[in-house]
Amino acid sequence: MPTSHLYLITGASRGLGRAMAEQLLQPGHVLLCISRRQSPELAEQAKAAGVELVQWEQDLSDPVASAARLREWLATQDAQRFDAVTLINNAGTVGNPAPLATAVDAELSQALRIGLEAPLLLTAAFLGGTRGWRGARKVLNISSGLGRNAMGSQAPYCAAKAGMDHYSRAVALEEANLPNGARIVSLAPGVIDTDMQVQLRGASAENFPDRTRFEKLKSEGLLDSPASAAAKVLKYLARADFGAKPVADVRDPD
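Residues numbered from 1 in each chain as written. Predicted model: local features only at pLDDT ≥ 70, side-chain atom pairs only at ≥ 80, totals over all residues. Heavy atoms only, no water.

(A) Spotlight on the pairing of strand S2 (residues 29–35). A large share of S2 lies buried, amounting to 7 of its 7 residues. Of the two faces of S2, the one carrying His29, Leu31, Cys33 and Ser35 and the one carrying Val30, Leu32 and Ile34 are both buried. Pairing between strand S1 (residues 5–10) and S2: 6 bridges, direction parallel. Bridged to Thr10 within S2 is Ile34. Assessed by its sense of winding, the connection that carries the chain from S1 through helix H1 (residues 15–23) to S2 is right-handed. For the handedness criterion, the β-α-β arrangement of S2, helix H2 (residues 40–49) and strand S3 (residues 52–57) is classed as right-handed. (Buried < 20%, exposed > 50% of the residue type's maximum accessible area, 1.4 Å probe, protein only. Helix = DSSP H or I, 4+ residues; strand = E, 2+ residues; numbered from the N terminus. Pairing = 2+ DSSP bridges. Right-handed = clockwise from strand over helix to strand, strands pointing away.)

Written out as structure tokens, the structure is:
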């Protein structure tokens, strides 16, 4: 009987999330993609590959509703169906780079809801909803080097990613001694050529002095493509030692 693996991915309509979803369209896989909008192209790819794909249009800036929907959906699934189940918290936002003193309150709040509160609540729903499932369980949080090294005018993004790293450490401790405890990793995926990079390069130099650094990364060809980065992230996800380090980098040696 073929292996059956359920993947749940946020932010799957573009960038790294879209690339991961495309690469996971393989026999035996079932995908639930949670994004602000559905992707007709991804649906066509899934149909051609014969893969079961569910797409939700869900605003992660309302994390309580998002987690409730996930919890309810998991309750409708057969706990014996899957050999493995994985949650990938990929969605995030850099917002409008600016010093904290001049930032817009509503934008700060939204950045933290999407970047930290939503993955935290979705992880809680996932862990609770799959507690009695037979399959191996994993949580992959897509973090950033900015969660570990601060940058001016990026306080909400830095805070969200640092919080993601640290809650991953806490959850790893909680799950370590449980029967079929989930393995969790907050993973920095490297520097990727996505819409976030476009936002950073387009930011005001006055508000974001590090803009030239990101312009240089682009001009010197130092950005990884979403497809290449996705392959590295999924390779790390498949490692036998996944979870041994709850905070990690995709470039960590095997």
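(B) Structural context of the packing of aromatic side chains. Under the criterion given, the structure shown has 3 aromatic pairs. Considering the side-chain rings of Trp56 and Trp73, the 6.1 Å spacing of their centres and the 90° angle between planes classify their relative orientation as edge-to-face. Here the residue Trp56 occupies a position in strand S3, and Trp73 occupies one in helix H3 (residues 63–75), the gap between them amounting to 17 residues. On the accessibility criterion, Trp56 (7% relative accessible area) is buried. Where Tyr236 meets Phe242, the ring centres are 6.2 Å apart and the plane angle is 70°; that geometry is what we call edge-to-face. (Phe/Tyr/Trp six-rings, centres within 6.5 Å; stacked < 30°, edge-to-face > 60°.)

(C) How the structure looks around the sheet that holds strand S5 (residues 136–142). Ordered by their spatial adjacency, 7 strands build an open sheet running S3-S2-S1-S4-S5-S6-S7, and the pairing between neighbours is parallel. A strand with exactly one partner marks an edge of an open sheet, and here the two such strands are S3 and strand S7 (247–249). Shown here is a sheet whose adjacent strand axes are inclined to one another by a mean of 20°, direction ignored. The strands touched by helix H5 (residues 155–175) within the sheet are strand S4 (84–89), S5, strand S6 (183–188) and S7, with S6 carrying the most contacts at an inclination of about 160°. (Axes fitted to C-alpha atoms, helices over the stretch in contact; angles between N-to-C directions. Contact = heavy atoms within 4.5 Å.)

(D) Structural context of unusual backbone geometry. Look at Ser153: it is not a glycine, yet its phi comes out positive at around 70°. Structurally, the position occupied by Ser153 is in the loop between S5 and H5. In this model, Asn180 sits at a positive phi of 50°, which is unusual for a non-glycine residue. Along the chain, Asn180 falls in the loop between H5 and S6.

(E) Layout of the nonpolar core. If you look at the biggest cluster of nonpolar residues, it comprises 30 residues, and the most contacted ones within it are Met20, Leu31, Ile88, Leu140 and Leu187. Elements with a contribution of two residues or more to this core: S1, H1, S2, H2, S5, S6 and helix H8 (226–237). It is H8 that contributes the most residues to this core, 6 residues altogether. Leaving out residues up to four positions away in the same chain, Leu31 has contacts with Tyr7, Ile9, Ala21, Leu24, Leu25, Val51, Glu52, Leu53 and Val54. If you look at the next biggest cluster of nonpolar residues, it comprises 28 residues, including Phe126, Leu127, Val139 and Val171. (Core = buried A, V, L, I, M, F, W, Y, C linked by side-chain atoms within 4.5 Å.)

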